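Okay, here's what each chain looks like letter by letter:
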Amino acid sequence: MEMRKLDKLGIETSLLGFGCMRFPTTQEGKIDDARAQAMLDRAIAAGVNYIDTAYPYHNGESELFVGKALEKYDRDSFYLATKLPLWALKSVEDAERIFQEQLQKLRTDHIDFYLLHAVNREKWDEIRQMGIVEFCERLQKEGKIRYFGFSFHDNYEAFEEIIKYRDWDFCQIQYNYMDTNDQAGDRGYALAESLGIPLVIMEPVKGGSLAKYPAEIEAKFRAVNPDASVASWALRWVGSHPGVKVILSGMSTEEQVEDNLKTFTDFKPLTAAEEQTVKEVVEMLHARVKNSCTGCRYCMPCPAGVNIPENFAIWNKYSMYGNYDAVKWNWEESIGDAAKAKNCVKCGKCEKVCPQKISIRENLERAQRDLDCAAGA
């Protein structure tokens, strides 16, 4: 198993971290305890020593399961990470109550890596005013948490402000070869590395989008290494960055566990030729985008209630990856029926103000048709 030294903390972690938000489930939607336990056991036996969960995962059941699943192991043989749900806080007392609940669920007296969960600028301002940072610093002084960090979802400017606020032990960002200019991105990676702050990476395979491609794109990877999975390319791209110390993978099947162990047991950074292949794939994926919508929202509000930027974002993502599962929740649950493209009345108001000069009415019709066809396939 590839191991990485966190010089700032004086410890060593497995580069592969087991993310506990996508365990296999039963027909009732509960964690399949037997399968999930076996998957964790297999990963730990292969050298994985970083286990990452959070308060809301699996509707609050993940921490309970992880606590039970890890109880048979020597507590010093692994690093346990969980997160403080900022959206559930109105006071320091709420944070204290939740933390004590987490210790009880996880059957432990301390958390190794404790994160402020999903920090953005709005939440950052709120928790600073509440004194949540100071609360976590107190927990650290008391030995109840060993390392204090945050997971991040916002733009680079917010990331720069937050990461420079204090001397963090580590931080967690979304990073993959398709998101180099999104959220913290390349600039955030470089900043954290320059500050000596170890990075834990989430969404290295972009929620599965970088694990399965249309045949002509997969062929680019297969031509270089026919035995390597598409997902392994994404993981190796992230792991080729020396500032990355843990790459989280939310493994849902035994096959995913085995494929990841294959990648990280004999880990090899990408060669220059392989990096060029990834760049070519990125270019091919971007070329599949249907229109040039930037999400500027000049077209909003739509008189008919259509969420024009969101329809185009879903359509472009589906078109790019050729994988309906990547947008299924967005199209069937998140956007809402009233905001879908089919409700366009073709008034043309949006097209008059679109900086990209997109044929919005025609594109909305095509988006609805393509996504409905994909959903019914």
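Rules of the game
- Residues numbered from 1 in each chain as written.
- Predicted model: local features only at pLDDT ≥ 70, side-chain atom pairs only at ≥ 80, totals over all residues.
- Heavy atoms only, no water.
- Helix = DSSP H or I, 4+ residues; strand = E, 2+ residues; numbered from the N terminus.
- Rg over C-alpha atoms; globule rule 2.2 N^0.38 Å.
- Buried < 20%, exposed > 50% of the residue type's maximum accessible area, 1.4 Å probe, protein only.
- Contact = heavy atoms within 4.5 Å.
- Areas by Shrake-Rupley, 256 points an atom, 1.4 Å probe, with all protein chains shown as cover.
- Lys, Arg positive; Asp, Glu negative; His and termini not counted.
- Charge placed at Lys NZ, Arg CZ, Asp CG, Glu CD.
- Axes fitted to C-alpha atoms, helices over the stretch in contact; angles between N-to-C directions.
- Parallel < 35°, antiparallel > 145°, perpendicular 65-115°, else oblique.
- Left-handed = near helix turned anticlockwise from the far one by under 90°.
- Salt bridge = Lys/Arg side-chain N within 4 Å of Asp/Glu carboxyl O.
- Pairing = 2+ DSSP bridges.
- Nonpolar A, V, L, I, M, F, W, Y, C, P; charged D, E, K, R; others polar.
- Disulfide = S-S within 2.5 Å.
- Right-handed = clockwise from strand over helix to strand, strands pointing away.

Visitor: What exactly am I supposed to notice about the overall build of the chain here?
Guide: A tally of helices and strands in the chain yields 15 helices and 10 strands. In summary, the chain has a C-alpha radius of gyration of 22 Å against a globular reference of 21 Å for 377 residues, a match within 12%. Taking the principal axes of its C-alpha atoms as reference, the chain extends roughly 65 × 50 × 45 Å. Looking at the chain residue by residue over its 377 residues, the buried ones come to 51%. The long-range share in the chain, meaning contacts at least 24 apart out of those at least 6 apart in sequence, stands at 74%. Only carbon and sulfur atoms are counted for the fraction: they give 48% of the accessible area of the chain, which is about 17000 Å². Side chains of the chain carry 48 positive and 58 negative charges; the gap between the two charge centres is 4 Å.

Visitor: Sorry, what's going on with the environment of Arg22 here?
Guide: Here Arg22 is to be found in the loop between strand 3 (16-19) and helix 1 (33-45). Sequence separation between Arg22 and Tyr57 is 35 residues, and the spatial gap between their C-alpha atoms is 8.1 Å. If near-sequence neighbours (up to four positions away) are discounted, Arg22 is found in contact with His58, Glu203, Gly207, Gly250, Met251 and Ser252.

Visitor: Sorry, what's going on with the packing of helix 1 against helix 2 (residues 62-70) here?
Guide: Orientation of helix 1 relative to helix 2, taken along the N-to-C sense of each, is 55 degrees, at an axis distance of 11 Å. What the angle tells us is that helix 1 and helix 2 run oblique. In the packing of helix 1 onto helix 2, the handedness of the crossing is right-handed. Here helix 1 contributes Asp33, Ala36, Gln37, Leu40 and Ile44 to the contact with helix 2, which in turn contributes Phe65, Ala69 and Leu70.

Visitor: I keep staring at the pattern of salt bridges and nothing clicks. Help me out?
Guide: Oppositely charged side chains can form a pair if their charged atoms are brought close together. If you walk through the whole model with that rule in mind, you get 32 salt bridges. Between Arg138 and Glu96 there is a salt bridge, with the nearest N and O atoms lying 3.4 Å from each other. With a gap of 42 residues between them, Arg138 in helix 5 (residues 132-141) and Glu96 in helix 3 (residues 92-106) connect regions that are remote in the sequence. In this structure Glu96 comes out as partly exposed when scored by relative accessible area, which is 23%. Where Glu351 meets Arg361, a salt bridge forms, and the shortest distance between an N and an O atom there is 3.0 Å. Of this pair, Glu351 sits in helix 14 (residues 349-353) while Arg361 sits in helix 15 (residues 360-376), placing them 10 residues apart in sequence. On the accessibility criterion, Glu351 (23% relative accessible area) is partly exposed. Taken together, the shared-partner salt bridges in this structure form one network comprising Glu96, Arg138, Glu142 and Lys144.

Visitor: Where do I start with the sheet that holds strand 8 (residues 170-174) in this structure?
Guide: Backbone-to-backbone hydrogen bonds join strands into a sheet, with any given pair of strands oriented parallel or antiparallel. Strand order around the closed barrel formed by 8 strands is 3-4-5-6-7-8-9-10, with parallel pairing between neighbours. Strand-to-strand twist of the sheet, defined as the mean angle between neighbouring strand axes without regard to direction, takes the value 30 degrees. Sheet analysis places strand 4 (residues 50-52) next to strand 5 (residues 79-85), joined by 3 bridges and oriented parallel. For Asp52, the partnering residue across the bridge sits in strand 5 and is Ala81.

Visitor: What's the story with the packing of helix 9 (residues 230-239) against helix 10 (residues 254-265) in this structure? I'm lost.
Guide: Helix-helix packing is described using two parameters, namely the angle between the two axes and the distance between the axes. Packing of helix 9 against helix 10 leaves a shortest axis separation of 10 Å and a crossing angle of 40 degrees. With respect to helix 10, the element helix 9 is oriented oblique. Crossing of helix 9 over helix 10 shows right-handed handedness. Packed against helix 9, whose contacting residues are Ala231, Ser232, Leu235 and Arg236, the element helix 10 presents Asp259, Asn260, Thr263 and Phe264 at the interface. Broken down by class, the residue content of the contact of helix 9 with helix 10 amounts to 3 nonpolar, 3 polar and 2 charged.

Visitor: Any chance you could explain unusual backbone geometry here in plain terms?
Guide: One can expect most non-glycine residues to show negative phi and most peptide bonds to be in trans. The omega angle of the peptide bond from Met300 to Pro301 is 0 degrees, so this bond is cis rather than trans. Locating Pro301 in the fold gives a position in the loop between helix 11 (272-287) and helix 12 (308-321). Here Ala118, not a glycine, exhibits a phi torsion of approximately 55 degrees, which is positive. Among the structural elements, Ala118 can be located in strand 6 (residues 111-119). With phi around 50 degrees, Gln183 is a residue other than glycine that occupies positive phi space. Turning to its location among the elements, Gln183 is positioned in the loop between strand 8 and helix 7 (185-195). Looking at Gln183, the relative accessible area reads 24%, which means it is partly exposed.

Visitor: What am I meant to see in the side chain of Ser232 here?
Guide: Mapped onto the fold, Ser232 is located in helix 9. Those residues in contact with Ser232 that lie beyond four places of it in its chain are Asp259 and Thr263.

Visitor: Would you explain the state of the cysteines in this entry?
Guide: Joining two cysteines, a disulfide is a covalent bond between their sulfur atoms. Here the structure, examined in full by the defined rule, presents 0 disulfides. Cys350 carries a free sulfur, and the closest cysteine sulfur to it, the one in Cys347, is 6.0 Å from it.

Visitor: I keep staring at the pairing of strand 5 and nothing clicks. Help me out?
Guide: Counting buried residues in strand 5 gives 7 out of 7 residues, a clear majority hidden from the surface. In this fold, the crossover linking strand 4 to strand 5 by way of helix 2 has right-handed handedness. Two strands pair when backbone bridges link them, and strand 5 and strand 6 are joined in this way by 5 bridges, in the parallel orientation. Bridged to Leu84 within strand 6 is Leu116. Between the parallel pair strand 5 and strand 6, the chain is carried across by helix 3, and the sense of this crossover is right-handed.

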